[in-house]
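# Analysis of the macromolecular model
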Amino acid sequence: MFDSALIKMIRSDQNKGLSYLIDQYTPLVYTIVRNKISSVCSAEDIEEVVSDVFITFYNQIESVDLSKGSIAAYLMVITKRKAVDKFRKSSANYDVKLLDDKEEFIDLPDNFNLEDEVQQREIRKKLISIINALGEPDSTILIHRFYLGESSKEIAAVTGLSNDNVRKRLSRALRKIEKELKGENYEI
């Protein structure tokens, strides 16, 4: 289902639209929340944040502008903000041990390279920008394939496209991404 149709469904049949939204995007939202806060929060806290994300999206449904991003993009932004807020609140409850001058503040692996880390972050930002620029349904296909690890068959069920169409769009989208990254002189 395409984003504009989902927005219409939520507006016209709230229960059906929200059920579909939650069914389709819970794995994405849950994964982001779990990755951000599982070190300081319980499973119940994670579920609470996931619920808050969908409530916030629904409350902001009138301000969603699909020309600025997909539903997945909106949900990811809301999710990150909610998770960071929860992390801050939860980690504030932990006692912070003052470090002795002799102790290292951050324990980094021996092979850590700051330049590589910065370059990887730049590539990720560029990649996200390229994926968003591809538009629907290509951005949704890429997110479901590479972020959620879904098969072409599963993606076809989500998008309403055929398996062959999903594979063709995925292949074309990857070629476009490769071309863009090579044009920016990124190693791929």
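Since we're looking at a predicted model, the values are computed, not measured. (Residues numbered from 1 in each chain as written. Predicted model: local features only at pLDDT ≥ 70, side-chain atom pairs only at ≥ 80, totals over all residues. Heavy atoms only, no water.)

## What about the overall build of the protein chain?
Within the protein chain, the secondary structure is distributed over eight helices and zero strands. In the protein chain, the order of α-helices and β-strands from amino to carboxyl end is α-α-α-α-α-α-α-α. Taking all contacts inside the protein chain whose residues are at least 6 apart in sequence as the whole, residues at least 24 apart take part in 64%. Carbon and sulfur atoms provide 49% of the accessible area of the protein chain, an area that totals close to 12600 Å². (Helix = DSSP H or I, 4+ residues; strand = E, 2+ residues; numbered from the N terminus. Contact = heavy atoms within 4.5 Å. Areas by Shrake-Rupley, 256 points an atom, 1.4 Å probe, with all protein chains shown as cover.)

## What about a positive patch on the surface?
A cluster of basic side chains, namely K168, R172, R175 and K176, defines a positive patch on the protein surface. By secondary structure assignment, the location of K168 is in helix α8 (residues 163-183). (Patch = residues over 30% accessible without salt bridge, like charges linked within 9 Å, V, L, I, M, F, W, Y side chains within 5 Å. Salt bridge = Lys/Arg side-chain N within 4 Å of Asp/Glu carboxyl O. Lys, Arg positive; Asp, Glu negative; His and termini not counted. Charge placed at Lys NZ, Arg CZ, Asp CG, Glu CD.)

## Some thoughts on the nonpolar core
By size, the foremost hydrophobic cluster in this structure holds 27 residues, and its most contacted members are L21, Y25, F57, I71 and L75. Top contributing element to this core by residue count: helix α2 (residues 14-37), with eight residues. Setting aside chain neighbours within four positions, we find I71 in contact with D3, L6, I7, L21, Y25, F57 and L66. Counting 13 residues, the second-largest nonpolar core is a separate cluster that includes I141, I155, L161 and I177. (Core = buried A, V, L, I, M, F, W, Y, C linked by side-chain atoms within 4.5 Å. Buried < 20%, exposed > 50% of the residue type's maximum accessible area, 1.4 Å probe, protein only.)

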